[in-house]
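What follows is each chain in one-letter form.
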Amino acid sequence: MDSNSLDTMAEKGTSLWEDAWIKLRKNRLALMGLGLLIFLCLVSLLTPWIAPYGYEEQDLLMGATPPSAEHWLGTDVFGRDMLTRIMWGGRVSLMVGFIATAVALAIGVIYGAVAGYVGGRVDAVMMRLVDILYALPFMIFIILLMVVFGRNLLLLFFAIGAVEWLTMARIVRGQVMSLRKQEFVEAAHSLGLSQWIIIRRHIIPNTLGPVIVYTTLTIPSVMLLEAFLSFLGLGIQPPQSSWGLLINYGVETMEEYPWLLIFPGIALSLTLFALNFLGDGLRDALDPRTSKD
Amino acid sequence: MALLEVNGLKVHFHTRDGLVKAVDDVSFSVDCGETLAIVGESGSGKSVTCYSLLDLLPKPPAKIEGGTAVFDGIDLLTCDAAQMRRFRSNDIAMIFQDPMTSLNPFITVGEQLIEPLIYNPDKSRRQTRPDARMRAIELLDEVGIIDPEKRFDCYPHEFSGGMRQRVMIAMALINEPRLLICDEPTTALDVTIQAQILALIKTLQQKRNVAVIFISHDLGVVAGIADKVVVMCEGTVRETNDADGIFYRTQDDYTKKLLAAIPEGPKVMQSRAQADSTMIQVSNLKTYFRDHSKASIGAAKNYIKAVDGVSLQIQRGEILGLVGESGSGKSTLGRSILQLAPITEGSVSFDGTELNTLTPKQLVPWRRKMQMIFQDPYASLNPRMTVYETLAEPLLYHGLAHSKNIDQQVQLLMDDVGLARASLRKYPHEFSGGQRQRIAIGRAIATKPELIIADEPVSALDVTIQAQVLDLILNLVERHNLTMLFISHDLSVVRYISDRVVVMNKGVIIECGDTEALWANPQQQYTQQLLKAIPLADPKSERLRMADS
């Protein structure tokens, strides 16, 4: 009787999200961030067709050349085109960044909201589980996963997501615990709304501010985590690449061939800027208390 | 020449939404041994006026655009920071509204008290720690703190609200200021404590011959202590006169409106109670909470007995007032009846059905029949839902409307509570306090309930708004055939609205009876004290009472 009709109400456009979109459209910086992100994603998607070279195509005569008309961003020590490798690397990095963060977000928000809202013993047990996972050394956890399931990209998403959601859950739980005591939640309760609807409609939307900020911080850190894992041989393997891996190799040859570090670095920073601008814009847009213009 | 003379003070706020003239050409003066009351509703600029005297305003956005405030020959508005510090520590002191937040919880009360003495910017006036301690203990004794030597080393959380306000007063007086600014010093306190604090300020003032500026939103509170009254509205002074002149020979229309809005006298509306029909039967209700502050491993469990064996009936159609001071358990009782707080013992039945035996699922249809209006309209509305969503939610959830007629239903609700239909798409923060409370009332009556429990619904509102909301509530009770439990600490409001009154203290019912009978002839001492402490908007009788205490 209830949750369906409540959803149709949201569709009728009096919702927070619609207002947020109207406000976001007026925020130039956030729109720029959004545009840049869409551009990066499009390039990554289309890489197989638009990349100037193949990602494993070597030209040993052209090893480690600086940027030129032929190779816009130069070549690496094996003579592979850097632009191509950054484009291919972006596919992996963005995918890992977004999917692992989405996993962390989904688990963390729901887990934290339930723990914080129900409280008491349920909360204690749920949070001790989080503590245990926190205490588990990350490396051992990942290596165990690799040993049991073997090496594959999906597992990488899962492993990173499984770690990143912990902090998210804690942040959301803290927020929810203070929200739970607010009178509007009690009012919803006295209207007879079910717990799940209260969590979904009254609690979670009010935790969005910190969650969005934390999310925009998580995406780049996940990208670097992937690089770290790949570096250890647990993530993706050369000749495949990712921004994190390229940066790692770039650091080794920083003094001789600085462009090997600079260009992947720029790609990662651009993404980070775009995410932060978009994140700030979203946070403001989703808070009705910031003025409408 | 008076001690402080303010002339043509103008304070403007430069905000994103444009210029706000918070204080616009305000003049007044106050002399030693005199009490000046500045009265006005929220947003009238009364606090901004006083904060600007001590340079406590955030600049920007605030900017002092003109005027002078001459204190003892020096203009406070233009003097330099060092001079201002000297004024603040030696000559002008301030008492703030909320004693719960104006003391640092990590420092002992005594340490905070002697700070102005041992860190005085005038090195010559600094005192040694033992001297300062002596002085502080003397003062604590003077403001009525029992056993001041011991209490000196206590932390603020070990004091009650009224005691903390006494400590604040002692702190303000410790450097023998010549001007004391009190910013709503009793608003956060219970009525009996309020009476004590007012009397205390009055006696200390007479003894020390200081000038007092007393800011309040409530004309009734200042009637007894003010010599002169300034009535402010929207940044301008509406009327300045001595207290008798303001109260007995009112000139300005706005002042008249303020005076008229003070709830006084008995209820006008006929009681609609149906004597033979009991709606709610509460029997021996007990609601205990675990006390976590004192819990230690292995120790016996400590309980706070919020409600300790209460029995009462609510007749169909009546408005039952529930009166008590903070901590009396009145709110918990209301929440227990609604099954929002877990009951430890006893029962609550609604039309013969014991609510406390039902499962949450079985309760849902009953929840539709009983609704709650909360005290704080700023906290009781979801800040991320538009008014439309807030009002449509209960209608849709309980199946009282469907997607075709929901718009119309919500608009009718808006009409019911006196809000413009055009503001449906707005968010709560875009409304004033009174309008928000109207939204909250709209949400409560949306489910067509039979019983409404109103928990201090007008306490957070200005007097004139309070009167409007009370009338709205009475009107809705009549039109929708509601039964109501009206919880309040404000006895005048309760008298104005309820047919029968229950007085609660420390979790138990002290007295109960028909409103006018109880007012005329209170049986219990506690009730008598409560009734005696109600401030009246009548300076003569108030002064008499103060002289008594």
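Residues numbered from 1 in each chain as written. Chains lettered and ligands numbered in written order. Predicted model: local features only at pLDDT ≥ 70, side-chain atom pairs only at ≥ 80, totals over all residues. Heavy atoms only, no water.

**Quick look at the side chain of Ser242 of chain A**
Residue and element names in this part refer to chain A. Its location among the elements puts Ser242 in the loop between helix H9 (195-231) and helix H10 (243-252). Residue Ser242 is classed as buried on the basis of its relative accessible area, which comes to 0%. A distance of 2.9 Å separates the side chain of Ser242 from the side chain of Glu226, its partner in a polar contact. Not counting residues up to four positions away in its chain, the partners in contact with Ser242 are Gly89, Val92, Ser93, Glu226 and Ile236. (Helix = DSSP H or I, 4+ residues; strand = E, 2+ residues; numbered from the N terminus. Buried < 20%, exposed > 50% of the residue type's maximum accessible area, 1.4 Å probe, protein only. Polar contact = N/O pair within 3.5 Å; in protein donor to acceptor, adjacent residues only side chain to side chain. Contact = heavy atoms within 4.5 Å.)

**A short note on the pairing of strand S11 (residues 278-290) of chain B**
Note: S11 of chain B against strand S12 (residues 303-315) of chain B, 10 bridges, orientation antiparallel. Its bridge partner lying in S12 of chain B, Gln281 of chain B is registered against Gln313 of chain B. (Pairing = 2+ DSSP bridges.)

**A short note on a positive patch on the surface**
A surface patch of like charges, here positive, comprises Arg85, Arg88, Lys123 and Arg126 of chain B. Within the secondary structure, Arg126 of chain B sits in the loop between helix H3 (109-118) and helix H4 (129-142). (Patch = residues over 30% accessible without salt bridge, like charges linked within 9 Å, V, L, I, M, F, W, Y side chains within 5 Å. Areas by Shrake-Rupley, 256 points an atom, 1.4 Å probe, with all protein chains shown as cover. Salt bridge = Lys/Arg side-chain N within 4 Å of Asp/Glu carboxyl O. Lys, Arg positive; Asp, Glu negative; His and termini not counted. Charge placed at Lys NZ, Arg CZ, Asp CG, Glu CD.)

**Notes on the nonpolar core**
Side chains that are nonpolar tend, in soluble globular proteins, to be buried together. Residue and element names in this part refer to chain B. The biggest cluster of nonpolar side chains holds 60 residues, and the ones touching the most others in it are Ile169, Phe214, Leu219 and Val229. Here the element with the most residues in this core is helix H6 (residues 161-173); it accounts for seven residues. Taken domain by domain, this core gets at least three of its residues from each of domain 1 (4-261) and domain 2 (278-548). Residue contacts for Phe214: discarding those within four places in its chain leaves Thr35, Leu36, Ala37, Ile38, Cys182, Pro185, Leu198, Ile201, Val221, Val222 and Ile225. (Core = buried A, V, L, I, M, F, W, Y, C linked by side-chain atoms within 4.5 Å. Domains from an automatic or database assignment.)

**As for the pairing of strand S6 (residues 92-95) of chain B**
The side chains of a regular strand alternate between both faces of the sheet. All names here are of chain B. Side chains Ile92 and Met94 project from S6 onto one buried face, and the interleaved Ala93 and Ile95 project onto a second face that is buried too. The pairing of S6 with strand S7 (residues 179-183) spans four bridges and is classified as parallel. Within S7, the position partnered with Ile95 by the bridge is Cys182.

**Looking at the state of the cysteines**
Under the definition given, this model contains zero disulfides over all chains. With no disulfide of its own, Cys233 of chain B lies closest to Cys50 of chain B among cysteine sulfurs, the gap being 17 Å. (Disulfide = S-S within 2.5 Å.)

**Considerations on the packing of aromatic side chains**
Residue and element names in this part refer to chain B. Following the criterion strictly, the structure yields six aromatic pairs over all chains and no others. Stacked on the ring of Trp366, the Lys or Arg Lys369 has its end atom at 4.6 Å from the ring centre. Taking the ring centre of Phe431 as reference, the NZ or CZ of Lys426 above it sits at 5.8 Å. (Phe/Tyr/Trp six-rings, centres within 6.5 Å; stacked < 30°, edge-to-face > 60°. Lys NZ or Arg CZ within 6 Å of the ring centre and 35° of its normal.)

**Some points on helix H13 (residues 387-397) of chain B**
Burial runs high along H13 of chain B: 11 of the 11 residues are buried. Immediately downstream of H13 of chain B, the backbone of Gly399 of chain B shows phi near 65°, a positive value.

**With respect to the sheet that holds strand S18 (residues 483-488) of chain B**
All names here are of chain B. Strand order in this open sheet of six strands is S16-S17-S18-S13-S19-S20, and the pairing throughout is mixed. The open sheet has two edge strands with one neighbour each: strand S16 (370-373) and strand S20 (508-514). Neighbour to neighbour, the strand axes of the sheet diverge by 15° on average, direction disregarded. Running at roughly 160° to S18, helix H16 (residues 463-479) makes contact with strand S13 (319-323) and S18 of the sheet. (Axes fitted to C-alpha atoms, helices over the stretch in contact; angles between N-to-C directions.)

**Topic: the domain arrangement of chain B**
Residue and element names in this part refer to chain B. As far as domains go, chain B holds domain 1 (4-261) and domain 2 (278-548). Taken over C-alpha atoms, the centre of domain 1 sits 33 Å from the centre of domain 2. In this complex, domain 1 contributes 25 residues to the contact, which on the side of domain 2 involves 22 residues. When the buried area of domain 1 at its contact with domain 2 is split by residue, Asp190, Val191 and Tyr248 rank highest and sum to 26% of it. (Buried area = accessible area lost by both parts, 1.4 Å probe.)

**Remarks on the sheet that holds S7 of chain B**
All names here are of chain B. The strand order S6-S7-S8-S3-S9-S10 describes an open sheet built from six strands, whose pairing is mixed. Of all strands in the sheet, those with a lone pairing partner are S6 and strand S10 (236-242), marking the two edges. Here the strands of the sheet are splayed against their neighbours by 15° on average, with no regard to which way each runs. As defined by bridge partners, S7 adjoins strand S8 (residues 211-216) across five bridges and the pair is classed as parallel. Within S8, the residue paired with Ile181 across the bridge is Ile213. Most of the contacts of helix H7 (residues 191-208) go to S8, to which it runs at about 160°, and overall it touches strand S3 (35-39), S7 and S8.

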